Amino acid sequence: MGATVICIDTLDDPRLDAYTRLTERELRCVLEPEKGIFIAESAKVIERALAAGMEPVSMLLGERWLDQMAPLIDGMDGHVPVFVAPMELMELLTGFNVTRGALCACRRPRLPEAPDFLSGLVAAAGERPVRVCVLEGIVDHTNVGAIFRSAAALNVDGILVSPTCCDPLYRRAVRVSMGTVFQVPWCRLGKSARTWPDDGISCLHDAGFTCAAMALTDDSVSLDDPALARIGHLALFMGTEGSGLAPATIEGADLAVRIPMAHGVDSLNVAAASAVAFWQLCPHVSNGYHYQPGIYS
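Scope of this entry: the structure provided in the associated data block. Along each chain, residue indices are assigned from 1 in the same order as the chain's sequence is written. Thresholds applied to this predicted model are a pLDDT of at least 70 for local features of residues and 80 or more for the giving and counting of side-chain atom pairs; totals over whole chains, interfaces and linings are not thresholded and use all residues. In computing side-chain properties, one takes all heavy atoms of the structure into account and sets aside hydrogens as well as water.

### Here's the deal with the overall build of the protein chain
Inference 1: The secondary structure content of the protein chain amounts to 13 helices and 12 strands.
Inference 2: Across the 297 residues of the protein chain, 50% fall into the buried class.
Inference 3: Every residue pair with non-hydrogen atoms within 4.5 Å of one another is taken to be in contact. Across the protein chain, the fraction of contacts at a sequence separation of at least 24, relative to all contacts at a separation of at least 6, is 80%.
Inference 4: Total accessible area on the protein chain is roughly 14,200 Å²; 51% of this is exposed by carbon and sulfur atoms. To qualify as a helix, a DSSP run of H or I must reach at least 4 residues; to qualify as a strand, a run of E must reach at least 2; elements of each kind are numbered from the N terminus. Think of it in three bands: residues with accessible area under 20% of the maximum for their type are buried, residues over 50% are exposed, and the middle band is partly exposed, with areas taken using a 1.4 Å probe on protein chains only. Areas reported here follow the Shrake-Rupley algorithm with a probe of radius 1.4 Å; residue values treat only the protein chains shown as occluding.

Printed below as a string of structure tokens:
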């Protein structure tokens, strides 16, 4: 059928508010739950969003990108407007050099509850052990996006984020992840800060997961300890920048894990640490990450 292409010559059109005037908070909170929206930027990210089943609301393109995006546009519903603007008009938008003139507003998917999410991952894995990552209170969207990209590349089954962790669908997180936030299944562990860590850890235990906190403690085991590879379903906790995991989280975990390092370095950036841990603890693949289309449907 193909989406409806509409040529524009001004950014003042109220139909463009999602791109030009609404803040991330307004896109997420004011319009939720019925009309919650996120923005995907660049052709590759938009392609991955639509391939994962995200529902497009509209698209905004610089005119030079119309031909490149034509296959995607042709496959979209005819009721979805595709606004096409002159390149000089697109340059007025902040971040043009990053977005490269292609943006798509999509409906926020309805996330599964954590127990259903975990049971679904376990069922899909069959006899294979499941590996998930829990992000506690991470406030840097760049780090969240980078962790998702590493998770996709290194075969993590899913990601759970604490109630205080920043939004994986925040525009910068989506962009840094290169759209892998749509490929790696994820959900939130509770809806308020008081549900973590006690309720969240109980949920993981009920689903059959051993909880491992990435932390420098007196009894932490080295990431290369062969015993870690023999654990069945494993949930790896990663903490916020600087302070790391909360003491209550470390205490509630089944064990603590550290990355052995040289030259007196005691820690890595959380995104770098996640990549090292994923490589060590997740099954290696040679043909890329296999994700489940429609997991949020």
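This is not the end of the story, as more comes after the structure.
### Notes on the packing of helix H8 (residues 141-153) against helix H13 (residues 270-281)
Inference 1: Running from amino to carboxyl end, H8 crosses H13 at an angle of 15°, the nearest separation of the two axes being 9 Å. With respect to H13, the axis of H8 lies roughly parallel. Pair H8 / H13 crosses with right-handed handedness. Facing Asn143, Ala146, Ile147, Ser150 and Ala151 of H8, the residues of H13 in contact are Val270, Ala271, Ser274, Ala275 and Phe278. Axis definition: a line fit to C-alpha positions, over the contact stretch in the case of helices; interaxial angles, taken between N-to-C directions, run 0 to 180 degrees. Roughly parallel means an angle under 35 degrees; roughly antiparallel means over 145; roughly perpendicular covers 65 to 115; every other angle is labelled oblique. Crossings are assigned a handedness: left-handed for a near helix turned anticlockwise from the far helix by less than a right angle, right-handed for a clockwise turn.

### Topic: a nonpolar patch on the surface
Inference 1: There is a patch of nonpolar side chains on the surface, built from Met261, Val265, Leu268 and Val276 and spanning about 280 Å² of accessible area.
Inference 2: Along the chain, Val265 turns up in the loop between strand S12 (255-258) and H13.
Inference 3: With relative accessibility at 43%, the residue Val265 sits in the partly exposed group. Excluding any residue in a salt bridge, patches collect residues exceeding 30% relative accessible area, merging like charges within 9 Å and nonpolar Val, Leu, Ile, Met, Phe, Trp and Tyr side chains within 5 Å. Counted as salt bridges are all cases of a side-chain nitrogen of Lys or Arg within 4 Å of a carboxyl oxygen of Asp or Glu.

### Digging into the sheet that holds strand S6 (residues 131-135)
Inference 1: Pairing between strands requires that DSSP locate at least two bridges from one strand to the other. As summarised here, the arrangement of the seven strands in space is S8-S7-S6-S11-S9-S12-S10, forming an open sheet in which the pairing is parallel. With partners counted over all chains shown, the strands left at the sheet margins are strand S8 (186-188) and strand S10 (221-222), one partner each.
Inference 2: Two elements, strand S9 (residues 209-214) and S12, share three bridges in a ladder whose sense is parallel. Within S12, the position partnered with Ala213 by the bridge is Ala256.

### So, the nonpolar core
Inference 1: Counting residues in hydrophobic clusters, the biggest one holds 60 residues, and the most contacted among them are Met59, Leu135, Ile159, Phe182 and Phe278.
Inference 2: In terms of residue count, H13 provides more of this core than any other element does, six residues in total.
Inference 3: Once residues lying within four places of it in the same chain are set aside, the contact partners of Leu135 are Ile147, Ile159, Leu160, Val161, Ser162, Cys165 and Met238.
Inference 4: Put simply, buried Ala, Val, Leu, Ile, Met, Phe, Trp, Tyr and Cys residues joined by side-chain atoms within 4.5 Å make one nonpolar core. Val132, Cys203, Leu204 and Cys211 belong to the second largest nonpolar core, which has 22 residues in total.

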